[in-house]
Amino acid sequence: MEKLIEEFSVGLFFWQTVLFIALIFLLRKFAWKPILNAVIEREEKIEGALKAAEEAENKMKELSANNEKILADARVERENILKDGRSIKEKMIADAKSQASTEAEKIITSAKEQINIEKMKAMTEIKNQVADISIEMAEKILRTELKDAKNQKKLIEEALKKQIN
Amino acid sequence: MHRFLKTMNLEMAKKLVISVLIVLVANFLWASASPVKDTVSTYTAEEKADQKKSKIKEDIKHHLQDSHDFHLFTDETTGKHYGFPLPVILWDEELHVFMSSEFHHGESIVQSKDKYYELHHGKIHRTDESGNIIESAHPIDFSITKNVFMIMVISLMLFIMLFRTNKSYKKRGHLPSGIGRFIEPIILYVRDDIAIPNIGKKHYRKYMGFLLTVFFFVWLVNLFGLTPIGVNITNNIAVTFCLALLTYLITIFTAKKTYWLHLIDPLGNTMPWIAKIPLYILLVPIELLGTIIKPFSLMIRLYANITAGHIVLMSLIGMMFVFNNWIGSSLSFLLAFTLGILELLVAALQAYIFTMLSAVYFGSAVAEHEHDEEH
């Protein structure tokens, strides 16, 4: 200890103190402060960039999730539309079918009726014509036949025979 | 350190290792060039060995001492000294300035403004005309000694290095280049692994100037101590005292209320005040003493580590010449070489420890939490 105190050099202490304090202040001004500021600024920049990247990623994720959702929705919608379309189609077909069949029925029945009516008409016409013709024939025959009595008689018999048959 | 090592690439590491080896080898070549030569051959082998030992002892002592001129080596056959003189500045009632070369290595008395001075064992004394030391006079020596000169040189180097580092940031925009790529990891290491964990994110910035300066200064100074120029600045108690004193003053002047409260009232609310009185008669002086012991230990640790390292290293180098045979000399060369590498580690380690402990003391000065939780 005594040796240490004896060795203690006031001059060296003085110079060391002066020089070292000067060095601290100089370096603070010209080195440490600007360097640390640059480093901190850089760190902040990197941190900001990283944060922005993360945010972008999150946004991307959100977007893609949204996209997926939209796609799924679209798919469901399409399905629904298709289903609706199918059912509408089926209904339409069914409707058309039933309508067609009822119409056909109607047409058929009306046709049938018509046919019947026409038939009836034709029948009555034929009947009338047959009656007319027969009356005419009868007239003619009568005129010819009735020229002599014998023929007249024969005719009447024949006619009667025919009628009976 | 891991972060520092990670950022250093392989090529840099290679360069570093090569330069370290060059410095070490140069150191030994230097050492082998300077000491002991067989000047007298009439002595017996034992006497010669004794002579060598005392010469080595003298050399080690000289190596550890500060001096008034920048002495590089001495040619012992011609007695010529190689080196350059440094200015001597004395305060002895008035200012005396002259060059140390006027002492002629302690051989002559210098007259300056009707006073006479003599250099004796590295110390300047006032003498009378015939060279008798006047004991009553105490000239205060403010000379630019070898150590002061090297402090200046190293400070200048440090300043240029760091100024360039700072400049390199501006050139490349937030990215260091050149020497900055070496310096930045160290700065970040001091900040992230020394300052922030010990002081806290809130207060660390105001201490960064001191911590970084101390770290780089001590490291560089220790490294220079290992070069062949052989200036051991941290080997002087005055230097380590200055550094420790600054740590102490900064601690005290930036201390917050809780720091002082902890000193005066270390137990806090753990017991009633009446019970604390007898305890405090013992505790408070211990606490107060502790504040001084902490920087005192800083001072002694740095001083003792560097001094011891140098003495052991120099002794091992000296042993090479004492053994003076193939086996012994090469073994002590190996030992000295290994120790040289170890000393490189110690140079950085002591800088780290000094910075680390300073940061711990600063941390205790600005700690804001209640000490109850701590105990």
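Draft legend 1. A look at the overall build of chain B. Counting its secondary structure elements, chain B contains 11 helices and eight strands. Taking all 375 residues of chain B together, 44% fall into the buried category. Sequence-distant contacts in chain B: of pairs separated by 6 or more residues, those separated by 24 or more amount to 61%. Carbon and sulfur atoms form 67% of the exposed surface of chain B, whose accessible area is close to 20000 Å².

Draft legend 2. Examining the domain arrangement of chain B more closely. Taken domain by domain, chain B holds domain 1 (81-141) and domain 2 (146-366). For domain 1 of chain B and domain 2 of chain B, the distance between their C-alpha centres works out to 34 Å.

Draft legend 3. Representation of a nonpolar patch on the surface. Taken together, the side chains of A:Val10, B:Trp91, B:Leu95, B:Val97 and B:Ile140 present a nonpolar region at the surface, about 440 Å² in accessible area. In this fold, B:Val97 is placed in strand S4 (residues 94-99).

Draft legend 4. How the structure looks around the interface of chain A and chain B. Each partner contributes to the interface: chain A provides 37 residues, whereas chain B provides 51 residues. For the pair chain A and chain B, the summed buried surface comes to about 3800 Å²; carbon and sulfur atoms form 76% of the total. Across the pair A:Arg42 and B:Glu184 runs a salt bridge, and its minimum N-O distance is 2.9 Å. Inspection of the chain A/chain B interface yields eight residue pairs in polar contact (both at pLDDT 80 or more). Contributions of two or more residues to the side of chain A that touches chain B are made by helix H1 (2-7) and helix H2 (10-145) of chain A. The element that contributes the greatest number of residues to the side of chain A that touches chain B is H2(A), accounting for 31 residues. Residue composition of the side of chain A that touches chain B, grouped by class: 24 nonpolar, five polar and eight charged.

Draft legend 5. Broad picture of the sheet that holds S4(B). All names here are of chain B. The strand order across the open sheet built from three strands is S4-S3-S8, with neighbouring strands paired in antiparallel fashion. Pairing within the sheet leaves two strands with one partner each, and these edge strands are S4 and strand S8 (140-141). One ladder, built from two bridges, connects strand S3 (residues 87-92) with S8; its direction is antiparallel. Note on S8: the bridge partner recorded for tryptophan 91 is isoleucine 140.

Draft legend 6. The packing of helix H3 (residues 45-64) of chain B against helix H9 (residues 273-323) of chain B, seen in detail. Residue and element names in this part refer to chain B. The contact between H3 and H9 brings their axes to 10 Å, and the two run at 150°. In terms of orientation, H3 and H9 fall into the roughly antiparallel class. Here H3 and H9 pass one another in a crossing that is right-handed. Packed against H3, whose contacting residues are Lys52, Lys53, Ile56, Asp59, Ile60, His63 and Leu64, the element H9 presents Thr307, His310, Ile311, Met314, Ser315, Gly318, Phe321 and Val322 at the interface. Classifying every residue of the contact of H3 with H9 by side-chain character gives seven nonpolar, five polar and three charged.

Draft legend 7. Fine view of a positive patch on the surface. Residues and elements named next belong to chain B. Side chains of Arg164, Lys167, Lys170 and Lys171 sit close together on the surface and give a patch of like positive charge. Note that lysine 170 resides in helix H4 (residues 146-172). Lysine 170 gets classed as exposed once you look at its relative accessible area, which sits at 65%.

Draft legend 8. Main features of the environment of A:Asp73. Along the polypeptide, A:Asp73 turns up in helix H2. The spacing of A:Asp73 and A:Glu55 is 18 residues in sequence and 26 Å in space, taken between C-alpha atoms.

Draft legend 9. Representation of the nonpolar core within the structure. Counting 76 residues, the largest nonpolar core has B:Leu158, B:Leu211 and B:Phe216 as the members making the most contacts within it. If you list the elements that add at least two residues to this core, you get H2 of chain A together with H4, helix H5 (180-199), helix H6 (205-225), helix H7 (237-254), H9 and helix H10 (326-366) of chain B. Per-element tally for this core: the top contributor is H2(A), with 15 residues. Excluding residues within four positions of it along the chain, B:Phe216 makes contact with A:Trp32, B:Leu158, B:Ile183, B:Ile186 and B:Ile187.

Draft legend 10. Geometry of the packing of aromatic side chains. If you walk through the whole model with that rule in mind, you get 22 aromatic pairs over all chains. Measuring from ring centre to ring centre gives 5.7 Å for A:Phe8 and A:Phe13, while their planes differ by 45°; the resulting arrangement is tilted. With relative accessibility at 18%, the residue A:Phe13 sits in the buried group. Ring geometry for B:Phe70 against B:Phe84: centres 4.9 Å apart, planes inclined by 10°, an arrangement best described as stacked. Here B:Phe70 is found in strand S1 (residues 69-75), whereas its partner B:Phe84 is found in strand S2 (residues 80-85), with 14 residues between them in sequence. The class for B:Phe70 is buried, based on a relative accessible area of 5%.

Draft legend 11. Molecular detail of H10(B). For H10(B), with 41 residues, the first-to-last C-alpha span of 59 Å sits near the 60 Å given by 1.5 Å per residue. The opening residue of H10(B) is B:Asn325, an N-cap whose side-chain oxygen sits 3.3 Å from the backbone nitrogen of B:Ile327.

Draft legend 12. Examining the packing of helix H8 (residues 257-264) of chain B against H9(B) more closely. Residues and elements named next belong to chain B. In the contact formed by H8 and H9, the axes pass within 8 Å of each other and the chain directions differ by 135°. One element, H8, and the other, H9, form an angle in the oblique class. In this structure, H8 contributes Tyr259, His262, Leu263 and Ile264 to the contact, and H9 contributes Tyr280, Val284, Glu287, Leu288 and Thr291. Classifying every residue of the contact of H8 with H9 by side-chain character gives six nonpolar, two polar and one charged.

Draft legend 13. Spotlight on the pairing of strand S6 (residues 115-120) of chain B. Residues and elements named next belong to chain B. S6 sits mainly inside the fold: five of its six residues count as buried. Of the strand pairs in this sheet, strand S5 (residues 110-112) and S6 are connected by three bridges, and their pairing is antiparallel. Within S6, the residue paired with glutamine 111 across the bridge is tyrosine 116.

Draft legend 14. How the structure looks around the side chain of B:Asn236. Position of B:Asn236 among the secondary structure elements: in the loop between H6 and H7. Apart from residues lying up to four places away in sequence, B:Asn236 is in contact with A:Leu12, B:Asp66, B:Asn147 and B:Tyr303.

Draft legend 15. Region of the structure containing the pairing of S4(B). Residues and elements named next belong to chain B. Here S3 pairs with S4 via six bridges, running antiparallel. Following the sheet pairing, tryptophan 91 is matched in S4 by leucine 95. The hairpin formed by S3 and S4 contains one residue between the paired strands, and glutamate 93 there has a positive phi angle of roughly 70°.

Reading guide: rules and limits
The numbering scheme is per chain: residues are counted from 1 as the chain's sequence reads. Whichever chain is written first becomes A and whichever ligand is written first becomes 1, with later ones labelled in order. It should be noted that, the model being predicted, local features are given only for residues of pLDDT at least 70 and side-chain atom pairs only at 80 or more, the latter also being counted only at that level, while totals for whole chains, interfaces and linings use all residues. Side-chain calculation: all heavy atoms of the structure are included, whereas hydrogens and water are not. The helix and strand labels rest on DSSP assignments: H or I over at least four residues marks a helix, E over at least two residues marks a strand, and numbering proceeds from the N terminus. For the exposure calls, accessible area comes from a 1.4 Å probe over protein chains only, and a residue counts as buried if that area is under 20% of its type's maximum, exposed if over 50%, partly exposed in between. Throughout, a contact is declared for two residues whenever any of their heavy atoms are within 4.5 Å. Accessible surface area values rest on a Shrake-Rupley calculation with a 1.4 Å probe, where residue burial reflects the displayed protein chains alone. Note that the domain bounds reflect an automated or database-derived domain assignment. Patch construction takes residues with relative accessible area above 30% that form no salt bridge. Like charges are linked within 9 Å, and nonpolar side chains (Val, Leu, Ile, Met, Phe, Trp, Tyr) are linked within 5 Å. Any Lys or Arg side-chain nitrogen located within 4 Å of an Asp or Glu carboxyl oxygen qualifies as a salt bridge. Buried area is calculated as the accessible area (1.4 Å probe) missing from two parts once they are joined, with the contributions of both summed. Polar contact criterion, stated in full: a pair of N or O atoms within 3.5 Å, where within protein one must be able to donate a hydrogen and the other to accept it, and residues adjacent in sequence count only if both atoms are side-chain atoms. Just so you know the grouping, Ala, Val, Leu, Ile, Met, Phe, Trp, Tyr, Cys and Pro go in nonpolar, Asp, Glu, Lys and Arg go in charged, and all remaining residues, Gly too, go in polar. Here, a strand pair is defined by DSSP locating no fewer than two bridges between the strands. Note on definitions: angles span 0 to 180 degrees between N-to-C directions of axes, and those axes are lines fitted to C-alpha atoms, for helices only across the stretch in contact. Under this scheme an angle from 65 to 115 degrees is roughly perpendicular, one under 35 degrees roughly parallel, and one over 145 degrees roughly antiparallel; angles in between are oblique. Each crossing gets its hand from how the near helix is turned against the far one by less than a right angle, where anticlockwise is left-handed and clockwise is right-handed. Positive residues here are Lys and Arg, negative ones are Asp and Glu, while His and the chain termini are left out of the count. The atoms used to mark charge sites are NZ of Lys, CZ of Arg, CG of Asp and CD of Glu. We call a set of buried residues a nonpolar core when its members are Ala, Val, Leu, Ile, Met, Phe, Trp, Tyr or Cys and they connect through side-chain atoms within 4.5 Å of each other. Stacked, tilted and edge-to-face are the three classes applied to pairs of Phe, Tyr and Trp rings, where Trp contributes its six-membered ring and a pair requires centres within 6.5 Å; stacked means planes under 30 degrees apart, edge-to-face means over 60, and tilted covers the rest. In a helix, the anticipated span is given by 1.5 Å times the number of residues less one.

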